[in-house]
Amino acid sequence: MEAMQRRAKRRQNTRRGIIVAIVAVLVLGTGALLFAGKSPTTTTTTSTSTTLPTTTTTVGKPIAFSPIATPNAPGVTGKSPVLVVPAGAPPTKAELANLIPGSGPGIVLGDKFTAQYVLADYHSHKVLQTSWKTGAFSDTLDTNHLIAGWVAGMVGMKAGGRRELILPPADAYGAHPTNGIPDNDTLVFIIDLIKFSK
């Protein structure tokens, strides 16, 4: 009787061990897939004055930029640009214009960069933020800290370049605004890329 109980207990322990091993493999595999899905994977060719970038990351959908019909004046490198929000209804798709081309290679996903920017919105037609008053900022070109439209819109920029982006809510903050930006607002950025590195 005792021998039968011991065998039954061994079988039960073996079954438990197998179940625990299967659960552990499933949990570790799911975790690996989730974390692997957060890294950027592909970037298309760099942007020029005639080619607009389309960037794909595993974090979001690809963003295809149309040209801005009437971009802001280029201004002068090293000086704050004048940003005027275009008249009329906001566009429903992202738009981009190279105001100053810059030089050298283009920035890619994952690069560390230093930039200046001015931000206005269609809701108020006013400038909401500008780093030209608070100082240039540095970050990494990825969607861990930056909105998807900003990241996709900077891909291919060259040091010394200036770019204008018009981002509909889906490529900006959507229904989760920050720093006084209204819900589902279309944003207009002018970004100056000062420098970047790997």
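Residues numbered from 1 in each chain as written. Predicted model: local features only at pLDDT ≥ 70, side-chain atom pairs only at ≥ 80, totals over all residues. Heavy atoms only, no water.

Explanation requested: the overall build of the protein in the structure shown.
Looking only at helices and strands, one finds 3 helices and 12 strands in the protein. When each of the 198 residues of the protein is scored for burial, the buried share is 36%. Excluding contacts between residues fewer than 6 apart, the proportion of contacts in the protein whose partners are at least 24 apart in sequence is 71%. Carbon and sulfur atoms make up 61% of the accessible area of the protein, which amounts to about 11300 Å² in all. (Helix = DSSP H or I, 4+ residues; strand = E, 2+ residues; numbered from the N terminus. Buried < 20%, exposed > 50% of the residue type's maximum accessible area, 1.4 Å probe, protein only. Contact = heavy atoms within 4.5 Å. Areas by Shrake-Rupley, 256 points an atom, 1.4 Å probe, with all protein chains shown as cover.)

Explain the layout of surface pockets to me, please; I cannot follow it from the model alone.
Gaps left between atoms are located by rolling a probe of water-molecule size over the structure's atoms. One number sums up the size of the largest pocket: a volume of about 210 Å³. Around the largest pocket, the lining is made up of 13 residues, and of these Tyr117, Gln129, Leu146, Trp150 and Tyr173 lie nearest the centre. Elements with a minimum of two residues in the lining of the largest pocket: β7 (112-121) and β9 (137-140). Looking at the lining of the largest pocket residue by residue, the class counts come to 8 nonpolar, 4 polar and 1 charged. (1 Å grid on protein atoms, 1.4 Å probe; cavity = no way out; pocket = protein on both sides within 12 Å on 5 of 7 lines; lining within 4 Å. Points joined across faces, edges and corners; volume = space filled by probe spheres on them. Nonpolar A, V, L, I, M, F, W, Y, C, P; charged D, E, K, R; others polar.)

What am I meant to see in unusual backbone geometry here?
Excluding glycine, residues mostly have negative phi values, and the peptide bonds linking residues are mostly trans. A positive phi angle, near 60°, is found at histidine 125, a position not held by glycine. Within the element layout of this structure, histidine 125 appears in the loop between β7 and β8 (127-130). Non-glycine residue asparagine 184 carries a positive phi angle of around 50°. Tracing the backbone through its elements, the reader meets asparagine 184 in the loop between β11 (162-167) and β12 (187-197).

Just to check I follow, could you spell out the nonpolar core for this structure?
Nonpolar side chains tend toward joint burial in soluble globular proteins. One finds Phe113, Trp150, Met154, Phe189 and Ile191 to be the most contacted residues of the largest nonpolar core, which totals 27 residues. Listing elements by their share of this core, those giving two or more residues are β7, α3 (148-154), β11 and β12. For phenylalanine 189, the residues in contact, after removing those within four places along its chain, are Leu83, Tyr117, Val118, Leu119, Ile147, Trp150, Arg163, Glu164, Leu165 and Leu167. (Core = buried A, V, L, I, M, F, W, Y, C linked by side-chain atoms within 4.5 Å.)

Honestly, the confidence of the model for the protein in this entry has me stumped. Any pointers?
Any segment with low pLDDT has predicted coordinates that should not be analysed in fine detail. Averaged over the protein, the pLDDT score is 80; the fraction of residues at 70 or greater is 69%. Note on residues 1-6: pLDDT under 50 across the span, and 0 contacts to partners over four residues away in sequence or across chains. With pLDDT under 50 throughout, residues 30-59 is counted as low confidence; its partners more than four residues away or in other chains account for 50 contacts. (pLDDT = per-residue confidence, 0-100.)

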